[in-house]
Structure formats: structure tokens, C-alpha cells
Amino acid sequence: MQEALEALGLAGRLIVSMDGDVLEIVALSLQVSLTAVAVSCLIGLPLGALLAMTRFRGRNVLIVLNNALMGLPPVVVGLAIYLAISRAGPFGVFGLLYTPTAMIIAQTVLVLPIVTALARQTIEDLNAEYDDYLRSLGLGIGGRLRTLLWDGRTGLITAAIAGMGRAIAEVGAVIIVGGNIDHVTRVMTTAIALETSKGELALAMALGIILMAISLALNAATHALRGDAMRRMYA
Amino acid sequence: MLDPADEAPLLELRGLTYTATTATLLDDVSAALPATGVTAIIGANGAGKTTLLRLLAGLLTPTAGEIDWSLAGSARRTAMVFQRPVILRRSVDANIRHAIAPLGLNEAEAARRVDEALAVCRLDHLRTAPARRLSGGEQQRLALARALARKPDVLLLDEPCASLDPQSTAAIEAIVRQAAAASTAVVLVTHDIAQAQRLAAWVMFLDAGRLIEHSRAGAFFAGPQTAEARDYLAGRLPPIAPGDEGS
Ligand SMILES: Nc1ncnc2c1ncn2[C@@H]1O[C@H](COP(=O)(O)OP(=O)(O)OP(=O)(O)O)[C@@H](O)[C@H]1O
Ligand SMILES: [Mg+2]
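Residues numbered from 1 in each chain as written. Chains lettered and ligands numbered in written order. Predicted model: local features only at pLDDT ≥ 70, side-chain atom pairs only at ≥ 80, totals over all residues. Heavy atoms only, no water.

Points about the pattern of salt bridges
- If you walk through the whole model with that rule in mind, you get 24 salt bridges over all chains.
- For A:Asp131, the salt bridge identified is with A:Arg135, shortest N-O distance 2.8 Å. With A:Asp131 and A:Arg135 both in helix 5 (residues 100-136), this residue pair falls 4 residues apart, about one helical turn.
- On the basis of relative accessibility, which here comes to 38%, the residue A:Arg135 falls in the partly exposed class.
- Taken together, the salt bridges that share partners define one network made up of B:Glu109, B:Arg112, B:Arg113, B:Glu116 and B:Lys151. (Salt bridge = Lys/Arg side-chain N within 4 Å of Asp/Glu carboxyl O. Helix = DSSP H or I, 4+ residues; strand = E, 2+ residues; numbered from the N terminus. Buried < 20%, exposed > 50% of the residue type's maximum accessible area, 1.4 Å probe, protein only.)

Concerning the coordination of the magnesium ion (ligand 2)
Residue and element names in this part refer to chain B.
- Protein-derived ligands of the magnesium ion (ligand 2) are Thr 50 (OG1) and Gln 83 (OE1), with the metal-ligand distances lying across 2.0 to 2.5 Å. In this pair, Thr 50 sits in helix 1 (residues 49-56) while Gln 83 sits in the loop between strand 5 (78-81) and helix 2 (92-100), placing the two residues 33 residues apart along the sequence.
- Its relative accessible area of 28% is what places Thr 50 among the partly exposed residues.
- Since its relative accessible area comes to 38%, Gln 83 is described here as partly exposed. (Donors = N, O, S within 2.8 Å, 3.2 Å for Na, K, Ca; no water.)

A few points about the side chain of B:Gln139
Residue and element names in this part refer to chain B.
- Along the chain, the position of Gln 139 falls in helix 4 (residues 136-149).
- A polar atom in the side chain of Gln 139 sits 3.4 Å from the backbone oxygen of Arg 132.
- Of note is the side chain of Gln 139, whose polar atom sits 3.2 Å from the backbone oxygen of Leu 134.
- With residues near it in sequence (within four places) discarded, Gln 139 still touches Pro 85, Ile 87, Ala 131, Arg 132 and Leu 134. (Polar contact = N/O pair within 3.5 Å; in protein donor to acceptor, adjacent residues only side chain to side chain. Contact = heavy atoms within 4.5 Å.)

Things to note about helix 5 (residues 166-181) of chain B
Residues and elements named next belong to chain B.
- In a regular helix each residue adds 1.5 Å, so 16 residues correspond to 22 Å; helix 5 covers 22 Å between its end C-alpha atoms and thus fits that length.
- Listed as buried for helix 5 are Ser 168, Thr 169, Ile 172, Glu 173, Ile 175, Val 176, Ala 179 and Ala 180. The arc that holds every buried residue of helix 5, seen down its axis, measures 160°, which confines them to one face. For helix 5, exposure combined with an orientation more than 90 degrees from the buried face picks out Pro 166, Gln 167, Gln 178 and Ala 181.
- The secondary structure elements touched by the buried residues of helix 5 are strand 3 (37-42), helix 3 (107-120), helix 4, strand 6 (154-158), strand 7 (185-189) and helix 6 (193-199). (Expected span 1.5 Å × (residues − 1). Arc of directions from axis to C-beta.)

Section: the domain arrangement of chain B
Residue and element names in this part refer to chain B.
- For chain B, the domain assignment lists domain 1 (1-77 + 152-237) and domain 2 (89-151).
- A C-alpha centroid distance of 25 Å is found between domain 1 and domain 2.
- Listed as interface residues are 17 residues of domain 1 and, on the opposing side, 13 residues of domain 2.
- Taken together, the two surfaces of domain 1 and domain 2 that pack against each other cover about 1,200 Å², and 64% of this comes from carbon and sulfur.
- Counting the surface domain 1 buries against domain 2, the share from its top three residues, Arg 77, Pro 152 and Ile 175, is 41%.
- There are 6 residue pairs in polar contact (both at pLDDT 80 or more) connecting domain 1 and domain 2.
- Breaking the side of domain 1 that touches domain 2 down by element, the ones donating at least two residues are strand 6 and helix 5.
- Take the side of domain 1 that touches domain 2: its biggest share by element is 6 residues, from helix 5. (Domains from an automatic or database assignment. Buried area = accessible area lost by both parts, 1.4 Å probe.)

Here is the structure:
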């Protein structure tokens, strides 16, 4: 108990003094996860929207597959990507193992299915409402897609935030492909896991507090966004 | 029956038929539509009025028959105001901008059309309001404003005054009359017989997917040719078929 309280005090000091190591770890976490979310949105938002707007053979298979991918255990994703990018693997020549790029790839694999599934749900409802009108304007699939993505923005930003929540809190995949190398691939979650096991509670707690704050901020942002959309009846 | 084609027809329906999986919603409709003036489509609920408009708007593909636009030359821009207006999650003026975006107008012309449509539909004061916060009647006026801004050759209106107060109805009738007098063919679905009398030059009466009367409005309202139309105008239920009479 005494030890924990002391660590908490130290953790508080680390945060308040904006400790260099802490800042570096937080910055890398944000960089990796934001990049993974950005890539996931770039692919997942149009993909989800197209799945919502079109009917083709195999569409249901794709949807079920994507939903299954949403539940992938991060360690399994980490292992699969490890095998793919390790020196002996098919992508070994790129030398990606234990780099931030490898971590971005791992988190993208975890986040993309979530963004795609949530985008599909949002756009499917909206398309049911809009389709006749948009077609009556003579809009092709591109024009309809753009309209739906913009008018579904509240749901889509919520999807991106949900993806960010999963990415930033994930540890299993990044620890395998990143390796928690100091100053290179050490992010909040991997640092917490390993510092705790080493008995370095202060740094672990400081990072834990920051991680929770980020989580809370993401939730608050979602809530505020919804509230604003409701007020304008754009939700 | 006079031939509507007498007054410069814009398009011709030939044997137009639409069959959904289970039922024939529109059955062998042939008619010519004049290039200007209002044609009212009337008929009971479920008669196929909306189906006909959706075919004209190109939202449905006919199962048989065709819509011949060749008389219209290259111009064949339609605008449809739906029975339940679809309002985009944007401001009022952004809704109008979006509707004319596919026309590729220059900025000055686009801005002019937005201003004009807002003024004509008396929505000036709501220009920047979130469109979905508008009242039902205001939303219907916005739907009309969007359609007018497109300056269509054919304006398809599916009960555009269904939820409007008398003042707004009068305003919309004035707008429709003005558009029809210019160079727009207006096809108006309405259950408001008085409105059809006020606006229409021609009447198409649909019954169970068939076009059973197509005549000048004056003649139609003075003396409908079919028993179905007479019953509809009088608000009577159709006669009970023999055998259905029960005990
Ligand atoms: N996809 C469909 N499959 C089967 N029946 C349909 C389908 N779509 C519409 N219908 C039916 O077709 C009929 C004609 O519909 P339509 O919407 O054209 O009627 P309407 O004349 O516009 O009626 P209202 O005055 O109530 O608006 C209705 O009985 C409707 O239930
Ligand atoms: Mg209808």
C-alpha cells in the first residue's frame, strides 16, 4: 500500500513535470494509433459505404467475414503479422519488424474491420432514406457516395473515435511486432505492461493515468458530437 | 377525348407497364404529355400514381412499354418532389446547392438560383437553418425550392401540399402555375380535387394501375366518363362485386 502510494506520488510528478520519457512514449502512441485510424478510415469508410450501397453476390459473405474480423484477438493478429514480416517471412525483406510501421500495420488490421462495419451500418440506414432522392438528381455512384459520407458524418466520426479507442488501448499485437524498444517502439500500453513486471510502478502509473484520460476524452468527444448533431437534428 | 398531343407534347408513354414481384402496379398506360401546363394525376390510394411518377423520374425501369423522350430533344431534366420529402442533413441553402451541383453551373448562376428559389418559396429567413429542424410544411417548401432551382423540363410533384397550411398551399399553387406557364411540364399528383380544378389543364385518372380517363380538366370535372371516376369524385366506395354481398 505504502509502495503504491509512493508510486502514485512519483507518477503525478512525472506527469506534472512533463517528463521527457513520458512525453516521448505518449507521442509515439498517439502517432502510431492516429496513423492506423487514418489509414483505416481512408479504406474503411468508402468500403463500408459501398457495402451499404450495393448488392452483389458475395456481399453477405464479406459482411460476415468483416464482422468476424472485428472480434480478432490482438495477440493472434500480432503473431500473424510477426510471421509475415519477420526476416524469414514473405515480407521480411522490408525489415519492418520492431519498427513503428509494423505497429501501425498491426493496429490497422485491428481497427479497419471496426470502422468498416460501423460505416456500413451508418450508411445503410442513410441510404435507405436518401437513395431515391439522390438518384432523382441523376447522381452516379460517386456523387451518391460523397453525399452519404458527408451526411453520415456524425456516425462516421463516431466510428473513427471507436477505432481510436481500440487502437490506443491495444497491447497484444504491438508488443509482438514492436518489441517495446526504448526510444523506438515503446508505446503506453507496452511500457505499462513491462514496467509493471519490472516493478517500476511510477512510470507505469503515470502512463496509465494518461491513457485513461485519453480514453475519457474520446468518450466525451463522442458524446459532445452526438449532442451537437441531435440539436441540429443531423444525427 | 381531345388528344393532349395537340399542344406540343413533350413525351409519350407507350404501353407503359410496371410489374413488381407479385402485382402489376401500372398496366399498359399510353398517353402524351404536353410540354407546358399542369397534368393532374388523380385516383384512389394505391392506384399507381406514385409508381407512374417514379417511372417518369427514371427511378423505376418499365417492365414493358416505354417512355419516349425523343420529342423533348436533348432536354429531359426531371425534378421530383416526393410524397415524403427527403431532407439532407445540411442547412437550407446547402440543400438547394446540393440539388443543383450535378448541373455544373458557374458560381454566380448557382448563387442566383439559390436566392431565387429561397425567395419564391418564402424560405429566406431560414437560409442558414439546419434543414431538418424545419416544420413539415417548411420542409415541403424546401423540397419544392430544390426542384425549382434545377429548372426542370418536367416537374414531378407527389402531393406537394399534403401538409401545408392554406397560405402555403396558395403560395405553392402560384409557384406551380408560374412554372407551368413558362416552359415546364408539371405532373401533379393530388387528392385535393379543388386544387386539381384550380391548376390542371389535363387530368389522368388512374384506377388499379390502369389509365381509364385522360381528358381536359374542364371536361373531366364537368362529366367524368367512367363510373370509377364519378365515384371517386363523389367520394363513394366502389360497388360491391356480385357474390361479395355476404349474408
Ligand atoms: N415493390 C412493390 N411490390 C408490390 N407492391 C407494391 C410495391 N410498391 C408499391 N406497391 C403497391 O403498389 C400500389 C400502388 O402504389 P403507389 O405508391 O403507386 O400508389 P399511389 O397511387 O401513389 O397511392 P397513394 O395515393 O396512397 O400515394 C400500392 O397498392 C402499393 O402497395
Ligand atoms: Mg403515392
